[in-house]
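The primary structure of each chain is shown beneath.
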Amino acid sequence: MTTTQLPPILELAREKVLKQGIGLSKEEILQVLQLPDDNLQDLLALAHEVRLAWCGEEVEVEGIVSLKTGGCPEDCHFCSQSGLFESPVRAAWLDIPGLVEAAKQTAKTGATEFCIVAAVKGPDENLMSQMEKAIAAIQAEVDIHVAASVGILTQEQVDRLAAAGIHRYNHNLETAKSFFPSVVTTHTWESRRETLRMIKEAGIEVCSGGILGMGESLEQRAEFAADLQELQPEEVPMNFLDPRPGTPFADYEVMEAADALRAIGAFRLALPKTILRFAGGRELTLGDLGAEQGLQGGINAIIVGNYLTTLGRPQEQDLDMMGKLRLPIKALNATV
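The text that follows walks through the structure, step by step, so that each part is easy to find. (Residues numbered from 1 in each chain as written. Predicted model: local features only at pLDDT ≥ 70, side-chain atom pairs only at ≥ 80, totals over all residues. Heavy atoms only, no water.)

Focus on the nonpolar core
In terms of nonpolar packing, the biggest core is built from 93 residues, with I138, F267, L269 and F278 touching the most fellow members. In this view, F267 contacts L212, R221, F224, A225, L228, M238 and L276; residues no more than four positions away in its chain are not counted. (Core = buried A, V, L, I, M, F, W, Y, C linked by side-chain atoms within 4.5 Å. Buried < 20%, exposed > 50% of the residue type's maximum accessible area, 1.4 Å probe, protein only. Contact = heavy atoms within 4.5 Å.)

Here you go:
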């Protein structure tokens with residue numbers, strides 16, 4: 001930390017979050033998001049202290065792969081996988097041997113988590129059956145946790161995924177409840193929240209975050225952090241909008257790096273004990289220097305390689321970056 005006097009909200013956060021492990025309230029999160037650029041480094045330094053105090057120094061690495069890409073019937077305005085938009089992504093399936101090979105390649109990076117994703121509103125019987133077979137095949141050959149993200153679930157589907165051995169389930173709230181209708185109209189925020197409730201009650205770890213920079217106000221950004229705080233997920237992926245051709249958000253401006261870093265710090269102060277994971281859009285929004293600042297400003301997990309429909313960086317670059325920063329990668333048995 002700097003020797004200069006901290007703003008009152010950061011002094012409060014030092015006492016409340018760093019010393020007691022209690023996340024900031026929605027109103028307090030908003031004050032953090034409103035901090036001027038002059039206080040950005042103070043914020044990131046405090047967020048890093050909070051991360052080290054309550055999560056440790058290790059970084060969790062994850063790879064993701066799409067089992068079903070494109071052709072989704074939903075109208076999430078940021079997503080090029082929607083079948084409702086004139087985007088360049090077309091429907092495609094990956095077979096089980098392909099998933100096993102992708103899991104093996106992910107494990108070679110030191111990743112502890114491998115997430116299977118499908119672009120659907122929710123799984124039909126064919127997808128559920130394929131998921132169960134894929135999970136079993138990966139677990140038989142690869143020493144890695146298997147996570148899943150296949151949309152809105154019924155209780156019966158939750159029970160089947162739990163029985164199959166899913167370690168963590170990703171289902172993003174995407175944004176604040178008040179802003180959600182501006183992003184998605186074909187299903188509700190509440191339906192997503194209900195799936196997450198069932199997942200949590202089944203004993204599966206919950207992964208839920210969203211995308212920043214979709215036109216939400218700072219108040220709604222603070223509301224979103226508070227929504228996640230109430231959910232108490234084990235992991236929050238932090239995505240930044242990467243405007244995709246053919247989607248309703250195609251012409252949106254990329255989020256300013258300072259705003260993205262301010263959000264990272266604010267979310268860490270809202271969620272001191274939660275895994276905060278760098279996800280889509282960080283390369284475009286932050287670049288290399290910003291990514292390093294994020295990893296030293298509250299982030300403690302990262303997706304390596306490509307995302308679902310956008311390119312990430314070569315895995316080696318991210319691993320080299322963590323080595324440069326002397327950030328140890330979390331061992332597999334540390335996440336059990």
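Quick word on unusual backbone geometry
Located in the positive-phi region is E174, a residue other than glycine, with phi close to 80°. Counting through the fold element by element, E174 comes out in the loop between β5 (168–170) and α7 (189–201). Here Q232, not a glycine, exhibits a phi torsion of approximately 55°, which is positive. As for its placement among the helices and strands, Q232 is situated in the loop between α8 (218–231) and β8 (235–240). (Helix = DSSP H or I, 4+ residues; strand = E, 2+ residues; numbered from the N terminus.)

Here's the deal with the packing of aromatic side chains
Tallied over the full model, the rule gives 2 aromatic pairs. Aromatic side chains F224 and F267 sit 5.9 Å apart centroid to centroid with 65° between the ring planes, which places their arrangement in the edge-to-face category. Taken together, the residues F224 in helix α8 and F267 in helix α9 (residues 257–270) connect sequence positions 43 residues apart. Just as F224 is buried, F267 falls in that class too. (Phe/Tyr/Trp six-rings, centres within 6.5 Å; stacked < 30°, edge-to-face > 60°.)

What about helix α3 (residues 40–55)?
The first and last C-alpha atoms of α3 sit 22 Å apart over 16 residues, in line with the 22 Å expected at 1.5 Å per residue. The set of residues buried in α3 consists of L40, D42, L43, L44, L46, A47, H48, V50 and R51. As for α3, its buried residues are in contact with α1 (8–18), α2 (26–33), α9 and α10 (282–295). Once α3 ends, the next one or two residues include G56, with phi positive near 90°. (Expected span 1.5 Å × (residues − 1).)

A look at the packing of α1 against α3
At a minimum axis distance of 11 Å, the contact between α1 and α3 shows a crossing angle of 5°. If you check the angle between α1 and α3, you find them roughly parallel. Contact with α1, carried on its side by L10, A13, R14, V17 and L18, involves D42, L43, L46, E49, V50, A53 and W54 of α3 and no other residues of that element. Residue composition of the contact of α1 with α3, grouped by class: 9 nonpolar, no polar and 3 charged. (Axes fitted to C-alpha atoms, helices over the stretch in contact; angles between N-to-C directions. Parallel < 35°, antiparallel > 145°, perpendicular 65-115°, else oblique. Nonpolar A, V, L, I, M, F, W, Y, C, P; charged D, E, K, R; others polar.)

Some thoughts on the pattern of salt bridges
In the structure shown here, the tally under the stated rule is 21 salt bridges. Here R192 and E174 are joined by a salt bridge, their closest N and O atoms 3.6 Å apart. Taken together, the positions of R192 in helix α7 and E174 in the loop between β5 and α7 put the pair 18 residues apart, joining distant regions of the chain. As far as the burial class goes, R192 and E174 line up, both buried. (Salt bridge = Lys/Arg side-chain N within 4 Å of Asp/Glu carboxyl O.)

Let's talk about the pairing of strand β4 (residues 145–149)
Most of β4 is tucked away, with 5 of its 5 residues classed as buried. Going residue by residue along β4, you find H145, A147 and S149 tucked away on one face and V146 and A148 tucked away on the opposite face as well. Taken together, the 5 bridges between strand β3 (residues 113–118) and β4 define a ladder with parallel strand orientation. Residue pairing in the sheet places F114 in a bridge with V146 of β4. Crossover β3 to β4 through helix α5 (residues 125–141) is right-handed. Chirality of the crossover, the property in question, places the unit of β4, helix α6 (residues 155–164) and β5 among those that are right-handed. (Pairing = 2+ DSSP bridges. Right-handed = clockwise from strand over helix to strand, strands pointing away.)

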